[in-house]
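# Observations on chain architecture
Here is what each chain is made of, one letter per residue.
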Number of protein chains: 2
Amino acid sequence: MTDATTGTTALAHEVLAAVLQVRAGSLQVVLWERAMEPHAHKWSLPGGSLRADEDVEASIRRQLAEKVDVRKVSHVEQLAVFSAPDRVPGPRVVATAFLCLVPSHLDPELPPDTAWHPLDALPPTAFDHETIAIRAQNRLRSKLSYTNIGFALAPPAFTISELRELYSAALGYRVSATNLQRVLARRGLLVPTGETAKPGRAGGRPAAQFRFADTRMAVTDPFAVLRPPAGDGAIGRTY
Amino acid sequence: MTDATTGTTALAHEVLAAVLQVRAGSLQVVLWERAMEPHAHKWSLPGGSLRADEDVEASIRRQLAEKVDVRKVSHVEQLAVFSAPDRVPGPRVVATAFLCLVPSHLDPELPPDTAWHPLDALPPTAFDHETIAIRAQNRLRSKLSYTNIGFALAPPAFTISELRELYSAALGYRVSATNLQRVLARRGLLVPTGETAKPGRAGGRPAAQFRFADTRMAVTDPFAVLRPPAGDGAIGRTY
DNA sequence: TCAAAAGTGTTCGCCATACACCCATGG
DNA sequence: CCATGGGTGTATGGCGAACACTTTTGA
């Protein structure tokens, strides 16, 4: 495996996706059941090997296309590299893992060996894929509080109650609709559509509908303790 | 390069380190000057290829040992994968980049072709190494405000003034000693050593010395908008 | 006694939460 | 007209920033 002229070691590189969506009130991930060894009948993250003409992000989008309609993926972000020498049996494979999100109003068709699984009740998983899936969940949970990443979980228009369900499911605890509304509004993330949703059979006031102002991820809570002074007191080389 | 039995493509994998330290009032990075093509006389991040028996973190620590005394590195953290097909000329090389920090009281010996360079005045750099170095700088700046990562830049004991200099240099703007002291104290990160530093030639009150309570990175500002309710209202499967 | 540097007390404003109360609809 | 769910007003507590003021030293 070693190239004597360069001293480099050739190895395989794969990309893996943790595709997350809120379904039936819980955060779920796409897994496919392995038919063959190694780890037959265990569940794996979708992915595959990196080709010569693509970078890792292009690769994960291509690989996903074989499992779900990639146009339904609303956000893709690099998670980390997993490189333990024995992470898969046989020849060495290094993996770059991604967090991908699908908005809740879509239900992409999946191949027969592939299914959604709640992150808090995963089936037996292959290799280090459970670690990767949990890491993706944690990344999403963190980013929900200081970015606008909620747009990637939500349909184009929604009521605050619906959004509250999504946040609650993704975060794993009840979120107050009142505060969710205020926090997102203050940050300028919510735009009223003018439409209202019809009340359910039990009655109640019709809910106003909103959409997210932006559909690209941005940090919305600079959370910067020790932030620059008001006068933008940037320093040059010395001070 | 393609293995017909698996469909995988073999490629080289390298690890690169952005080793940062506050020196002479500015944040600097270790670079070495390339003697040979490609990119002769341009400056590169230290690193090298991943070996078969090590993961990427073990690899970067081994590679660094050839440039700086690794025992002087106080923090190592994965940054991202850089994988553009043409990021280096010749055979494909995918890189995993790391952020590494050296506390300010140490001055590791460097090989003759290697030197510290301020991040805001980088020399001509090879490949995508400038992007990686700047990404490392941004990661450090973010983490200074919501983690205890300052410990990795600071000597074992320091005065608030000295710590202020470090934070100012790393962040690129003046930081108030008053608020720095209060923020870190409230979070329980600072422990008084009992010692005081002698005033300089201009006189002044002697400064109390402190150390960091922890020397492993931890998130100290949960900054969690939408945090769990006081009663820890975790939800099970449905609600 | 004065200048310089370190450290503290206090005020201010913002933000996230909690909670009470008002609004609009179906039955 | 009442139950139900949606939405708003308001009080509270905490935190970060700013700034004035006190403390302790060298000259």
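Per an unreviewed UniProt entry, chain A is named NUDIX hydrolase, and its organism is Actinokineospora xionganensis.

As a further point, take the overall build of chain A. Scanning chain A from terminus to terminus reveals 4 helices and 10 strands. Starting at the N terminus and walking to the C terminus, you meet the elements of chain A as β-β-β-β-α-β-β-β-α-β-α-α-β-β. The contacts in chain A between residues at least 6 apart in sequence include a share of 65% that link residues at least 24 apart. Total accessible area on chain A is roughly 11400 Å²; 51% of this is exposed by carbon and sulfur atoms.

Bringing the sheet that holds strand β10 (residues 207-212) of chain B into the picture now. All names here are of chain B. Here we have 3 strands laid out as an open sheet, ordered β8-β10-β9, and antiparallel in their pairing. In this open sheet, the two edge strands, each paired with only one partner strand, are β8 (158-159) and β9 (190-197). Taken together, the 2 bridges between β8 and β10 define a ladder with antiparallel strand orientation. Paired with Phe158 across the bridge in β10 is Phe210.

Close to DNA strand C lie 27 residues, the nearest being Arg182 and Arg186 of chain A together with Ser161, Arg182 and Ala208 of chain B. One nitrogen or oxygen atom from the side chain of Thr178 of chain B is found 3.4 Å from a base oxygen belonging to DNA strand C. Elements with a contribution of two residues or more to the surface near DNA strand C: α4 (177-186) of chain A together with α3 (160-171), α4 (177-186) and β10 of chain B. In terms of residues, the surface near DNA strand C owes the most to one element, α4 of chain A, which gives 4 residues. Grouping the amino acids of the surface near DNA strand C by side-chain chemistry returns 10 nonpolar, 9 polar and 8 charged.

Two strands in a sheet stick together by hydrogen bonds in their backbones, pointing the same way (parallel) or opposite ways (antiparallel). One open sheet holds the 3 strands; their spatial order is β8-β10-β9 (chain A), and the pairing between them is antiparallel. This sheet does not close on itself; its edge strands, each paired only once, are β8 (158-159) and β9 (190-197) of chain A.

The next subject is the UniProt feature "domain: Nudix hydrolase" (unreviewed entry) in chain A. Cross-referencing UniProt, the feature "domain: Nudix hydrolase" (unreviewed entry) maps to residues 11-140 of chain A in the present numbering. When the span residues 11-140 of chain A is considered, its composition is 17% helix and 37% strand, and the gap between its end C-alpha atoms is 30 Å.

With that settled, consider the pattern of salt bridges. Any two side chains of opposite charge can pair, so long as their charged atoms come close to each other. As enumerated under the stated definition, the model contains 18 salt bridges over all chains in all. Between Asp107 of chain A and Arg23 of chain A there is a salt bridge; the shortest N-O distance is 3.0 Å. With Asp107 of chain A in the loop between β6 (93-101) and β7 (114-118) and Arg23 of chain A in strand β1 (residues 10-23), the pair connects residues that are 84 residues apart, well separated along the chain. Here Glu54 of chain B makes a salt bridge to Arg62 of chain B, at a shortest N to O gap of 2.8 Å. What makes Glu54 of chain B buried here is its relative accessible area of 8%. Salt bridges sharing partners connect three or more residues here, namely Glu14, Arg87 and Asp128 of chain A.

On to the pairing of strand β2 (residues 26-33) of chain A, then. All names here are of chain A. The buried count for β2 comes to 6 of 8 residues, which makes it a mostly enclosed element. Counting the residues between successive antiparallel strands, the hairpin from β1 to β2 contains 2 residues, one of them, Ala24, with a positive phi of roughly 50°. With 5 bridges joining them, β2 and β7 adopt antiparallel strand pairing. Pairing of Val30 across the sheet is with Trp116, part of β7. Pairing analysis gives 2 bridges linking β2 to strand β3 (residues 43-44), with the strands arranged antiparallel. Directly across from Glu33, in β3, lies its bridge partner Trp43.

Moving on, we get to the packing of aromatic side chains. Residue and element names in this part refer to chain A. Scanning the model with the defined rule gives 2 aromatic pairs over all chains in all. For the pair Phe158 and Phe212, a centre-to-centre distance of 5.3 Å together with 45° between the ring planes defines the contact as tilted. Linking Phe158 in strand β8 with Phe212 in strand β10 (residues 207-212), this pair joins segments that are 54 residues apart in sequence.

Glancing now at the environment of Thr215 of chain A. For Thr215 of chain A, the position within the fold is in the segment after β10. In sequence terms Thr215 of chain A and Gly150 of chain A are 65 residues apart; their C-alpha atoms lie 9.3 Å from each other.

Owing to its 3.6 residues per turn, the α-helix brings residues three or four apart onto one side. Residues and elements named next belong to chain A. Considered for burial, the residues of α4 that qualify are Leu180, Val183 and Leu184. Take α4 and look down its axis: the buried residues cluster within an arc of 90°, on one side only. The exposed residues of α4 that point more than 90 degrees off its buried face are Arg182 and Arg186. Packing partners of the buried residues in α4 comprise α3 (160-171), β9 and β10.

A separate point is the pairing of β10 of chain B. In terms of strand pairing, β9 of chain B meets β10 of chain B through 5 bridges, oriented antiparallel. Bridge pairing links Leu190 of chain B to Phe212 of chain B in β10 of chain B.

We now examine the confidence of the model for chain A. All names here are of chain A. When pLDDT is averaged along chain A, the result is 88; 89% of the residues meet or exceed 70. Here β9 stands out as the least confident element of chain A, with mean pLDDT 90; strand β5 (residues 75-82) is the most confident, with 98. Below a pLDDT of 50 lies the segment residues 1-7, which in the model reaches 8 contacts outside its immediate sequence neighbourhood of four places, other chains included. Across residues 232-239, where pLDDT falls below 50, the model places 18 contacts with residues more than four positions away in sequence or in other chains.

Each value, and the rule that gives it
Residues numbered from 1 in each chain as written. Chains lettered and ligands numbered in written order. Predicted model: local features only at pLDDT ≥ 70, side-chain atom pairs only at ≥ 80, totals over all residues. Heavy atoms only, no water. Helix = DSSP H or I, 4+ residues; strand = E, 2+ residues; numbered from the N terminus. Contact = heavy atoms within 4.5 Å. Areas by Shrake-Rupley, 256 points an atom, 1.4 Å probe, with all protein chains shown as cover. Pairing = 2+ DSSP bridges. Near = heavy atom within 4 Å. Polar contact = N/O pair within 3.5 Å; in protein donor to acceptor, adjacent residues only side chain to side chain. Nonpolar A, V, L, I, M, F, W, Y, C, P; charged D, E, K, R; others polar. UniProt positions renumbered as here; feature names shortened; annotations may be inferred. Salt bridge = Lys/Arg side-chain N within 4 Å of Asp/Glu carboxyl O. Buried < 20%, exposed > 50% of the residue type's maximum accessible area, 1.4 Å probe, protein only. Phe/Tyr/Trp six-rings, centres within 6.5 Å; stacked < 30°, edge-to-face > 60°. Arc of directions from axis to C-beta. pLDDT = per-residue confidence, 0-100.

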